[in-house]
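# Chains, contacts and geometry: an overview
Take a look at the letters that make up each chain.
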Amino acid sequence: MTPPPAESVAAMIRPTPVTRDSKANRDLLRVMEGGSLGYFALVALAVGAMLAAGGVWIWQVYEGLGIAGYAHPVFWGAYIVTFVFWVGIAHAGTLISAILYLFRAKWRNAINRSAEAMTVFAVLTAAQFLGIHVGRIWKSYFILPYPNQRALWVNFKSPLLWDTFAITTYATISIVFFYVGLVPDLAIARDRATGWRKVLYTILSLGWQGTSKQWKAHNRTVLHLSGLATPLVLSVHSVVSWDFAMSIVPGWHATIFAPYFVAGAIFSGFAMVLTMMIPVRRIFALEEYITDYHFENMSRFLLLTSIIVGYAYAAEYFIAWYSQVEPEQTSFWKRAFGPYWISTWVMILCNGVFPQLLWFKKLRTNVPFLFVLSMLINVGMWFERYVIIITGLSREYDPAVWGIYTPSWPELVIVAGSFGFFCQFFLLFLKVFPVVAIAEVKELEIHAKAHGEGH
Amino acid sequence: MSEFDRREFLKIIGVGAGGAAASACSDPVEKLIPWVIQPEEITPGLPVIYASTCQECTTGCGLHVRTREARPIKLEGNPEHPVNRGALCARGQASIGRTYHPDRYRSPVERGADGSISALTWEEATAKVASAIKAAGSKVAVLGGQTGPTLSALIDSWLDAVGGGTRVVYEPFAREALREASTAVFGVASEPIFDLTDTDYVIDFGGDMLGTGASPVEHSRQLMGARDARRERGRAARLVYVGPRLDETASASDEWLAPKPGTEGLLALGIARVAYDAVRASGRTPAGDVDAIESVLKPFGPDSVASRTGVPAEAIRRIGSAMAAADRPVALPPGVALTSRRATATNAAVLLLDAVVGAVGRAVTIPPPSEGPVASFRDVAKLIDAMRSGDVSVLLVHDTNPIYSLPPDSGFAEALEKVGLVVSFASMPDETSERAGLVLPDHTTLETWGDASPRPGVRSLVQPTIRPIFDTQSLGDSLLAIARALGQERAAGLPSGSFRAVIESAWSDTDFRAALKRGGEFSETGASLAPGVSPGIARLEFKEPTFEGDGSFVLLPVPSPLLTDGRGANLPWLQETPDPITKIAWQSWAEVSETAAAELGVTPGDVLSIETPYGEAKVPVWPRGGIRDDVVALAIGQGHQVGRYASAAQEGAEGRVRGASVISLLPSLTDESGGRAWLAAKARVTATGSFQRLPFTQGTDNKRGRLLGESISLVALAKGESPWAPNQGAFMAAAPHGEEHGGNGDASDDHGGGHEGPHEIRRAFDPSDDSEDGDPFRWGMTIDVDKCTGCSACVVACTVENNIPMVGEEGVLRNRQMSWLRIERFVGDGYQQLQTGRPGPQNHEALGDTDVRNSPMLCQQCGAAPCEPVCPVFATYHTPSGLNGMIYNRCIGTRYCSNNCPYKVRRFNWFDYQITGWPEPMPLMLNPDVTVRGQGVMEKCTFCVQRMQAARQDAKSAGRDVPEDGAIQTACQQTCPSGAIVFGNLKDEKSRVNTVAEENAGRAYRALHVLNTRPAIQYLAKVKREEGHGTGHAAAGPVRPEKSA
Amino acid sequence: MRSIHLTRSLPAFLSALAAAGLLAWAILGESASHADVGSTLVAGSVCEAHELKALAAEDPHVSVEIPKEFDKSFPTREACLSHAAAEDPDSPGPLQPIQFSHKHHAGTYEIDCQYCHSGTDVSPAAGVPSVELCMGCHNQFPKEYDQLEGIRTLKEHWEAKEPIQWEQIHRLPEHVQFQHRAHVRAGFDCQRCHGAVETMDKVYLTEDTIWWPWGLPSKKLEMGWCIDCHRENGASQDCYACHY
């Protein structure tokens, strides 16, 4: 998409009656106004993709999972891959809002809002796949531990059940977090909005007046929520990783999985934040608020997590060799040199090698480069899950039933649809909520004035 | 959950008496429809078993037809029948589907000149045939397959009655050469019977007796009994195979020789000569004309034979003297694949060898010549000439499909055009009936009366077990009706009653009811002769056969162990069962050696053009190690144009040919005796450059030294060293010494408690711990890999018993076949090179290497099952009796259980197979005791839990607490010809499943045991019967990984 | 399932209407016929005769006239009533193709359940009597019984050698493998699951709902209901006992 020239963006702003209003308010609220053709085109695209996927999914429910590419013995495919991918994406938000908050990393303020939003949307997207993947969606309520006269209970030993709980918990917390952070800004928006927006914000801002009492309460809430959310950042993807680590499949059954997955998740999360924020900043001219400084910090994170992930890859291969367990060795050999070698090398290059370029400050601050890189990382992380799941299953203990899986087009449509699903929410978010935490930004400005430290 | 559910039966109980055809609607059953008159032997809900005879091939095995509510739902062998003793082959198991086949003719039909089809009533049809015959006078001919004696006699007398005419019996796989040879060697024109019971040295000259031979079920039982590794004699027993290709028998053999195709006879003579000298040296004399023997054997010294056959002289000498020394040796004649233009001589040579080593009268018996017409290819040729010259105006075809099974070269198709009226009695459409003017559909075996006499002393009855589903009529009754329509004077010579009456009168010399109950009349002492060698043998000329065509490959037409001569091709159960050797389903493939493939520059699936002077076929290639370089092998049976499953019509393309028919490449030539010569052409083989993915069902035959399909040398067995003791290297099953103390091994030790020495280690855990203490059962199995021939009877039995749907070629291409039981075929211990050098999954065979392990793989019902903990909803769980329960209606289809199953024995319902898989009237054959699975649920082997429940109920009714051992037989165990599978209660010390494992403790192992899954199935390793032989690839690659990641 | 019930019950519903109409017509017509013969009630059938006799017996003022041909003892009054009750569309349960009264057979005449439903003690399935079995008795009964529509229908089926298509009332899902013999052997009365059939002219699915904690209802023939009984009686609760 080509960003409209800054003038036209400026033209879209109607002169605000309140001239005394602060620049931050004006700049940031401007984003929520109007909507260019390009914007609606994007919305249409996203919704279209989602509907297409929906259609395919209905067909799948009617026809049977067979329309997907599953082939014995590979019984998990693109759906689970994409599920893990989205759960991973969902990590940056909470990390930024919670952990960085606790560490008082100021630079988070400019990006935490959008990151949190992404978290919420990504979790919702991921949750879809739990349903899409099962064979009998109409019976999937069996997985909920509800009292029933059949005296049937769920199996708490099953990682899939842990998954269900982990995802729901995470969704709840991240939504609450997102909303609490929004309240002061909604109030700002309320004071300036008219029409339906006025109504909406009035309701949502819960009568926020910005009194010191409220601020105190607000800050304490955020602090405590961060405390709550921090362990979740680590727990959710650990649990997801146990879907694999708890099995006996060669290439899955590894103790390294939890930290490995968490690092990967944060990695992909930040990449997604970059992928989303770079165009947003360009289009809505937010350079003042989302500065290269932020991007550089994020790329530092990318670099760190990329190293961790790269180390995990190496460790897996080392252990495979060191264990002298033949199926493990074979499994890993087939990863790199078997039928799925392409995905494996894509994963290694995109996640392990390319990000090393971030050692150079020039590149860390080169926005176009960061954009491309973040794209590559998204691809790489999707393939990481593909490699783990598919190659693991296709080369298991009994050589007589080694098989090959290739995704079918309906699967790919649904995967594509999940991106549409995610994007439509994000696009909506751009127009309905302040994309940057205004209040917090102001806070920073005040600090800046006070201590003369700038960026 | 299911549309065609078992209540379908209740719904149609009325049909048995009411006669109203049941239509399967998709609503659940709402009506209870009882009988009008309930047969007193039938109790709804309980099976009734009738004895009958299998008509799928000419062997004549006894059947027990298991019926529910007057509907056959499963065929099992008749334990009393001397031929099969309760077992049944894959073909027999699948033959139940003929009765419920959706293709069947619903009524007599007439095909107009314009090819339009119109249904007729029986009166009309009979009248039409009668008038045609009246017009034809003596220009009537009956062409048919081998039938039971009574029907055969009826046909003859019918022909006389209607005014004469010719009768031709035609069996594509008739063994005329053998009969002719026995005439030459013994002066008796009959097929010798080979009894392998207790033999200690068997040499099969390409007959593939275990797969496609004269009586595979019987021979598997006898041979595997003789080779039972528990007995010293059994361990010493040897099986030598001679043939160009590694087939089922070769895979089971201890030594495999691959002489030039067609020279098997010379090899036999060479061996006979060595044996003869040894026999004479030991002061014995073969019965019969010694001079004739000597004169025949003279020119065949080991060295000359070696040069002519390509078999080393050393081997000839060794085998010859071994046979002479053996206590009960026997040599078996070649089968279809090797009936060259010198087939009679070849067979004679083998019989001569039998005579020399004194097998005649012991392992080989010569029955007196059978009365009645016998199949003769020469007569078929005569008939074709007659047809061509217009001397046949009415041709009646029954029980055979000549258009398919005769080579185009024979000109049958053209000759058929000249016949005024062709009447077919086929029960479902085939290539021939599609060209018939009239079709008078015959009953299927399960609907008709009949009999069979497989051999002297064995008479076997066929009785109807279901009311005809469609408006059909048995062949006998049709003939009688036609005769009567011709008028009294003609019918006068014929029996007045129905065909049933004819049968009864034919059996009037016995207690018919008793015979019906028992399945026939079985007296072990059939009249048989033990003649000496007659001088007639000198007539024969022993030399290499000639081949038509100038190609560089000998074209080897291999009879398929499943599709036989193509008659099985329209039975989906046989199509979907993987070929025991190549593991390919639903398709044709061409086998060439890897060397040849390399020269042609083709890899598996590349399409070859195979060209003989008689035709060309394009077939995807399947390179193998186990075939001679100068041979291209094509299986007989595919290449049909007609039939929903036989042709590719199912895949949408109506009438598209499925696979290729090798018959279309063959000449219509005969051997010396006039028998059909199959091995008579050379082919030019070229790569076409196109590719076709082959639906093969096995990943690789390299077991990579993992604890699957094990084998053990006699030495190790004697020493009691089994290399796979659990505390040894994780997956180094075949490691020479336990230098690897893998962590996994220790894990399994922890469960078993302390133990020193191999024995304790082998029993590192007691599977009977894995059921609840209160529960009297822990179900388990013992599978003897040494006895498994890979015949796949168990696979089909399981499919029929458990309502397992067919997924078709498309499904198999995605490995979605639903079979709960598969037979894994591994060659050697495999090697763990991380990448396999050669292309293709079947790349570890080698010429002369017989180290093939067929290891049936089904749910191991683990004690510590990986599938159980991962199911979020307890759809799979551990039952009190120690089974891994699988509750379909609880399953939500996360498929985690399958991912976590190291044996990969779980199958998923990708589509609503219960609808697509069972076209009308197939739902009638569903087993009402087994839930038909719906879309989106996982399924797997249950150890036939429905049979357990029934048996436990029966036991309780009989006042016993638990069923006694053997009362419960799983479907696979029940049908296994070689008795490789034993099922029982592990908690019962005296149960056979325990004793067998105990007696074979030396070679007992559990698949992938080091994963500590505590399987309930105990495998018994294949025995390598000669040290240093057949270790195959143990040498090809070190057991430890060469490379590491 | 429910929806299927609707569609299924439609024909039953129509026939019920028809039957109701017939009944009404019969009653009205009767009263009409009384009207023109002054206050004398004339019986139109043996069954009516029974009723009029009874009427006369309790109220001497009513004058009734019983034509000779209707002055019979068979079919008995009780049989007539049962027959009528069995085709009463308002009573619970579906209308059966034959106005068969379990009350009449199992109740009044105390025929053992397993005389007709034979094999129930040895087989997983409960036998449903064949037409032959019905005729076994009904052949011996006097001709008069043919006045009952049900008997006529039965004999028609017998002549036509056509099975009777009964409406199924106690139906388990297809994935349940129920063993009648086990329960009969264990000494359970048929009534435990089928209700007091011997008191019903027209059989219907009796209400027997168990209330679990958390106010969970478990209706008859539902899994919870089965489990509950299995638990009480220490029977197997292994899933494989019923699902395979």
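In what follows, the structure referred to is the one given above.
Everything quoted here is computed from the prediction, not taken from an experiment. (Residues numbered from 1 in each chain as written. Chains lettered and ligands numbered in written order. Predicted model: local features only at pLDDT ≥ 70, side-chain atom pairs only at ≥ 80, totals over all residues. Heavy atoms only, no water.)

### Observations concerning the overall build of chain A
How we decide: Only DSSP runs of H or I covering at least 4 residues are called helices, and only runs of E covering at least 2 are called strands; the numbering of each starts at the N terminus. The reference for a compact globule is 2.2 Å times residues^0.38; the radius of gyration itself is calculated from the C-alpha atoms. Per-residue accessibility, obtained with a 1.4 Å probe over protein chains only, is compared with the maximum for each type, and a residue is labelled buried under 20%, exposed over 50%, and partly exposed between these values. In what follows, residue pairs with any heavy atoms lying within 4.5 Å of each other are defined as contacts. Charge counting follows a simple rule: Lys and Arg are positive, Asp and Glu are negative, and His as well as the terminal groups are ignored. In plain terms, the charge of a residue is placed at NZ if it is Lys, CZ if Arg, CG if Asp and CD if Glu.
Within chain A, the secondary structure is distributed over 17 helices and zero strands. Taken over the C-alpha trace, chain A has a radius of gyration of 23 Å; the compact-globule value for 455 residues is 23 Å, and the two agree within 12%. Counting only C-alpha atoms and orienting by the principal axes, one finds that chain A spans roughly 75 × 60 × 40 Å. The 455 residues of chain A split such that 59% are buried. When contacts within chain A are restricted to residue pairs at least 6 apart in sequence, those whose partners lie at least 24 apart make up 79%. For chain A, the distance from the average position of its 33 positive side-chain charges to the average position of its 25 negative side-chain charges is 8 Å.

### Remarks on the overall build of chain C
Our working definition: For accessible areas, the Shrake-Rupley method is used with a probe of radius 1.4 Å. Any residue's cover is judged against the shown protein chains and nothing else.
The helix and strand tally for chain C stands at ten helices and five strands. Every one of the 244 residues in chain C was classed for burial, and the buried ones make up 36%. When contacts within chain C are restricted to residue pairs at least 6 apart in sequence, those whose partners lie at least 24 apart make up 58%. Total accessible area on chain C is roughly 13,400 Å²; 63% of this is exposed by carbon and sulfur atoms.

### Some remarks on the interface of chain A and chain B
Put simply, the rule is: Once two parts are put together, the accessible area they lose, assessed with a 1.4 Å probe and summed over both, is termed the buried area. Salt bridges are identified by distance alone: a Lys or Arg side-chain nitrogen within 4 Å of an Asp or Glu carboxyl oxygen. Think of a polar contact as two N or O atoms within 3.5 Å of one another; within protein, one of them needs to be a possible hydrogen donor and the other a possible acceptor, and neighboring residues in sequence only count if both atoms come from side chains.
Contact with chain A, which involves 64 residues of that partner, is made by 63 residues of chain B. Both faces combined, the contact of chain A with chain B buries some 5,200 Å², and carbon together with sulfur accounts for 58% of it. Taken as a group, His72(A), Phe75(A) and Trp333(A) account for 14% of the area that chain A buries against chain B, more than any other trio of residues on that side. Connecting chain A to chain B are four salt bridges. Its salt-bridge partner being Arg704(B), residue Glu326(A) comes within 3.0 Å of it at the nearest N-O pair. Remark: the boundary between chain A and chain B carries 40 residue pairs in polar contact (both at pLDDT 80 or more).

### Let's talk about helix H18 (residues 475–485) of chain B
All names here are of chain B. All of the buried residues along H18 are Leu 475, Gly 476, Ser 478, Leu 479, Leu 480, Ile 482 and Ala 483. In this fold, the buried residues of H18 make contact with helix H4 (122–136), helix H5 (149–161), strand S15 (394–398), helix H19 (488–491) and helix H20 (499–506). Directly after H18, the chain includes Gly 487, whose backbone phi takes a positive value near 115°.

### Observations regarding the interface of chain A and chain C
Note the threshold: Under the scheme applied, nonpolar residues are Ala, Val, Leu, Ile, Met, Phe, Trp, Tyr, Cys and Pro; charged residues are Asp, Glu, Lys and Arg; polar residues are all the others, including Gly.
Contacts between chain A and chain C engage six residues on the former and ten residues on the latter. When the two sides are added together, the surface that chain A and chain C hide from each other amounts to roughly 600 Å², 73% of it contributed by carbon and sulfur. At the surface where chain A touches chain C, the tally comes to zero salt bridges. Counting the contacts that link chain A with chain C gives zero residue pairs in polar contact (both at pLDDT 80 or more). By residue class, the composition of the side of chain A that touches chain C is three nonpolar, two polar and one charged.

### A short note on the sheet that holds strand S24 (residues 615–624) of chain B
Going by this rule: The pairing criterion for strands is at least two bridges between them, as found by DSSP. The angle between two axes is taken between their N-to-C directions and runs from 0 to 180 degrees, where each axis is a line fitted to C-alpha atoms and a helix contributes only its stretch in contact.
Here six strands make up a closed barrel; going around it, the order is S21-S25-S22-S24-S23-S26 (chain B) and the pairing mixed. Strand-to-strand, the axes of this sheet are offset by a mean angle of 45°, without reference to chain direction.

### Quick word on the packing of helix H5 (residues 91–102) of chain A against helix H10 (residues 257–283) of chain A
Each pair of packed helices can be described by the angle between their axes along with the distance between the axes. Residue and element names in this part refer to chain A. The criterion, for reference: Any angle that falls under 35 degrees is termed roughly parallel, while one over 145 is termed roughly antiparallel, one within 65 to 115 roughly perpendicular, and all others oblique.
Where H5 contacts H10, the two axes come as close as 7 Å, and the packing angle between them is 90°. Comparing the axis directions of H5 and H10 gives the class roughly perpendicular. Residue-level inspection shows His 91, Ala 92, Leu 95 and Ile 96 of H5 in contact with H10, the latter providing Ala 265, Ile 266, Gly 269, Phe 270 and Val 273. Its residues placed into classes, the contact of H5 with H10 shows seven nonpolar, two polar and no charged.

### Some thoughts on a nonpolar patch on the surface
Convention followed: Residues enter patches when they are more than 30% accessible in relative terms and free of salt bridges; like-charged ones are connected within 9 Å and nonpolar ones (Val, Leu, Ile, Met, Phe, Trp, Tyr) within 5 Å.
On the surface, Ile307(A), Leu357(A), Trp359(A) and Phe360(A) cluster together into a nonpolar patch covering about 410 Å² of accessible area. With respect to the element layout, Phe360(A) can be found in the loop between helix H13 (341–353) and helix H14 (361–364).

### Some remarks on the state of the cysteines
How we decide: The definition used for a disulfide is geometric: two cysteine sulfur atoms within 2.5 Å.
Taken as a whole, this structure holds one disulfide over all chains when the rule is applied. The disulfide partner of Cys47(C) is Cys80(C), and the S-S distance across this bridge is 2.1 Å. The S-S bond linking Cys47(C) to Cys80(C) shows a torsion near -75°; that makes this disulfide left-handed. With Cys47(C) in helix H2 (residues 46–58) and Cys80(C) in helix H3 (residues 77–86), this pair connects stretches of sequence that are 33 residues apart. With respect to burial, Cys47(C) and Cys80(C) carry one shared label: buried. No disulfide involves Cys791(B); its nearest neighbouring cysteine sulfur is the one of Cys794(B), lying 6.2 Å away. Looking at Cys859(B), it has no disulfide partner, and the nearest cysteine sulfur is the one in Cys941(B), 5.6 Å off. For Cys859(B), a relative accessible area of 5% puts it in the buried group.

### A few points about the pairing of strand S35 (residues 981–985) of chain B
Residues and elements named next belong to chain B. For S35, the tally of buried residues reaches five of five residues, placing the bulk of the element in the interior. Note: strand S28 (residues 779–784) against S35, five bridges, orientation antiparallel. Paired with Gly 780 across the strands is Gly 984, a residue of S35.

### Considerations on the environment of Glu162(C)
Tracing the backbone shows Glu162(C) in the loop between helix H7 (149–160) and strand S3 (166–167). You can call Glu162(C) partly exposed: its relative accessible area is 45%. When the C-alpha atoms of Glu162(C) and Asp112(C) are compared, they prove to be 25 Å apart, with 50 residues separating the residues in sequence. Beyond its immediate sequence surroundings of up to four residues, Glu162(C) is in contact with Val36(B), Val131(C) and His157(C).

### A look at the sheet that holds strand S7 (residues 140–144) of chain B
All names here are of chain B. Pairing in this open sheet of seven strands is mixed, and the strands run S6-S5-S17-S16-S15-S7-S8 from one edge to the other. On the outer flanks of this sheet lie strand S6 (117–119) and strand S8 (166–169), each paired with one strand and no other. Across two bridges, the pairing between strand S5 (residues 109–111) and strand S17 (residues 438–439) is antiparallel. Of the residues in S17, the one forming a bridge with Glu 110 is Leu 438.

### Notes on the packing of aromatic side chains
Rules: Think of it this way: a Phe, Tyr or Trp ring, Trp meaning its six-membered ring, pairs with another when their centres are within 6.5 Å, and the plane angle makes it stacked under 30 degrees, edge-to-face over 60, tilted otherwise. Over a ring means this: the NZ of a Lys or the CZ of an Arg is within 6 Å of the ring centre and within 35 degrees of the ring normal.
The tally for this structure, following the rule as stated, stands at 60 aromatic pairs over all chains. When the centroid spacing of 5.9 Å and the interplanar angle of 85° are considered together, the rings of Tyr260(A) and Tyr313(A) count as edge-to-face. One end of the pair, Tyr260(A), is in helix H10; the other, Tyr313(A), is in helix H11 (residues 292–323), with 53 residues separating them in the sequence. Accessibility assignment for this pair places Tyr260(A) and Tyr313(A) in one class, buried. Taking the centre distance of 5.5 Å and the plane angle of 15° together, the rings of Trp779(B) and Phe983(B) count as stacked. Taken as a pair, Trp779(B) in strand S28 and Phe983(B) in strand S35 lie far apart in primary sequence, 204 residues in all. Taken as a pair, Trp779(B) and Phe983(B) share a single burial class, namely buried. Among the aromatic residues, those joined into a cluster by ring pairs are Tyr70(A), Phe75(A), Tyr79(A), Phe129(A), Tyr340(A), Trp382(A), Phe383(A), Tyr386(A), Tyr405(A), Phe908(B) and Trp910(B). The lysine or arginine in question, Arg895(B), covers the ring of Tyr70(A), its NZ or CZ lying 4.5 Å from the ring centre. The cationic tip of Arg933(B) hangs over the ring face of Tyr888(B); the distance from NZ or CZ to the ring centre is 5.5 Å.

### Details of the pairing of strand S30 (residues 852–857) of chain B
All names here are of chain B. Most of S30 sits inside the fold, with six of its six residues counted as buried. Inspection of the sheet shows strand S29 (residues 822–827) paired to S30 by six bridges, in the antiparallel sense. Directly across from Arg 822, in S30, lies its bridge partner Met 857.

### As for the environment of Leu269(B)
Residue and element names in this part refer to chain B. On the secondary structure map, Leu 269 appears in helix H10 (residues 264–281). You can call Leu 269 buried: its relative accessible area is 0%. Sequence separation between Leu 269 and Phe 542 is 273 residues; the distance between their C-alpha atoms is 9.0 Å. Residues within four places of Leu 269 in sequence aside, it is in contact with Val 296, Leu 297, Phe 300, Ala 349, Leu 352 and Phe 542.

### Remarks on the side chain of Asn985(B)
Residues and elements named next belong to chain B. On the secondary structure map, Asn 985 appears in strand S35. For Asn 985, a relative accessible area of 11% corresponds to the buried category. A distance of 2.9 Å separates the side chain of Asn 985 from the backbone oxygen of Pro 776, its partner in a polar contact. A distance of 2.9 Å separates a polar side-chain atom of Asn 985 from the backbone nitrogen of Arg 778. Excluding residues within four positions of it along the chain, Asn 985 makes contact with Pro 776, Phe 777, Arg 778, Trp 779, Ser 991, Val 993 and Asn 994.

By themselves, these are just geometric observations and shouldn't be taken as functional.
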